[in-house]
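# Overview (structure and organization)
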Amino acid sequence: MSWLYLLGAGLFEIVWALALKESHGFSKLWPSVVTVVGMVFSVWLLALALKQLPIGTAYAIWTGIGAAGTVAAGMCFFGEPVSVLRIVSLLAVIGGIIGLKLAH
């Protein structure tokens, strides 16, 4: 169950990061609310996962899911640049996440 908590925490990290961009520096109400709620759920789920998982592994996977998902969403939804180097780097992050999971 702890791995599901960690996955959920990473997904909420993506949600709050995307909402933070849309909040325009917390000047828009609803994206700001989504940002704060997403942050709370992300950290709460991470805390639940840490009951069973080592901190180093869990934290790295949490930030990796958030980073990889946010980069991918930025390229898909916000017109951020797509290049071979960005794709390869994104795949390296995903490979690291998988490696940490397999090493646990």
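Residues numbered from 1 in each chain as written. Predicted model: local features only at pLDDT ≥ 70, side-chain atom pairs only at ≥ 80, totals over all residues. Heavy atoms only, no water.

- If you check an unreviewed UniProt entry, the protein appears there as Guanidinium exporter from Victivallis vadensis.
- Per UniProt, the comment on the protein under Subcellular location (unreviewed entry) is "Cell membrane".
- If you open the UniProt record of the protein and go to Sequence similarities (unreviewed entry), you find "Belongs to the drug/metabolite transporter (DMT) superfamily. Small multidrug resistance (SMR) (TC 2.A.7.1) family. Gdx/SugE subfamily." (UniProt positions renumbered as here; feature names shortened; annotations may be inferred.)

### Quick look at the overall build of the protein
- Of regular secondary structure, the protein possesses four helices and zero strands.
- Of the regular secondary structure in the protein, the N- to C-terminal order runs α-α-α-α.
- Across its three principal axes, the protein shows a C-alpha extent of roughly 40 × 35 × 15 Å.
- Among the 104 residues that make up the protein, the fraction classed as buried is 33%.
- Expressed as a percentage of contacts within the protein between residues at least 6 apart in sequence, the contacts between residues at least 24 apart total 64%. (Helix = DSSP H or I, 4+ residues; strand = E, 2+ residues; numbered from the N terminus. Buried < 20%, exposed > 50% of the residue type's maximum accessible area, 1.4 Å probe, protein only. Contact = heavy atoms within 4.5 Å.)

### A few points about the nonpolar core
- Within the largest apolar cluster, 13 residues are counted, with the highest numbers of intra-cluster contacts made by Leu6 and Leu46.
- Excluding its chain neighbours within four sequence positions, the residues that come into contact with Leu46 are Leu6, Ala9, Ala58 and Trp62. (Core = buried A, V, L, I, M, F, W, Y, C linked by side-chain atoms within 4.5 Å.)

### Brief notes about the UniProt feature "transmembrane region" (unreviewed entry) in the protein
- Mapped onto this numbering, the UniProt entry gives "transmembrane region" (unreviewed entry) at residues 29–50, 57–78 and 84–103.
- Between the first and last C-alpha atoms of residues 57–78 the distance is 30 Å; the span itself is 95% helix and 0% strand.
- End C-alpha atoms of residues 84–103 are separated by 28 Å, and the span's content is 100% helix alongside 0% strand.

### Some details on the pattern of salt bridges
- Tallied over the entire structure, the rule returns one salt bridge.
- Put simply, Glu80 and Arg86 hold a salt bridge, and the shortest N to O gap is 3.8 Å. (Salt bridge = Lys/Arg side-chain N within 4 Å of Asp/Glu carboxyl O.)

### So, the packing of aromatic side chains
- Enumeration over the complete set of coordinates arrives at three aromatic pairs.
- A centroid spacing of 5.3 Å and a plane angle of 20 degrees characterise the contact between Phe12 and Phe41, whose relative ring orientation is stacked. In this pair, Phe12 is assigned in helix 1 (residues 2–23) and Phe41 in helix 2 (residues 29–49), connecting sequence segments 29 residues apart.
- On the basis of an interplanar angle of 55 degrees and a centroid distance of 5.4 Å, the ring pair of Tyr59 and Trp62 is categorised as tilted. Note that Tyr59 and Trp62 are positioned in helix 3 (residues 55–77) at a spacing of three residues, about one turn of the helix.
- Among the residues examined, Tyr59 registers a relative accessible area of 45% and is labelled partly exposed.
- Taking relative accessible area as the criterion, Trp62 reaches 11% and is therefore assigned buried.
- Through a chain of ring-to-ring contacts, the aromatic side chains of Phe12, Phe41 and Trp44 assemble into a single cluster.
- A cation over a ring is seen here: Lys101 above Trp3, with NZ or CZ 4.4 Å from the ring centre. (Phe/Tyr/Trp six-rings, centres within 6.5 Å; stacked < 30°, edge-to-face > 60°. Lys NZ or Arg CZ within 6 Å of the ring centre and 35° of its normal.)

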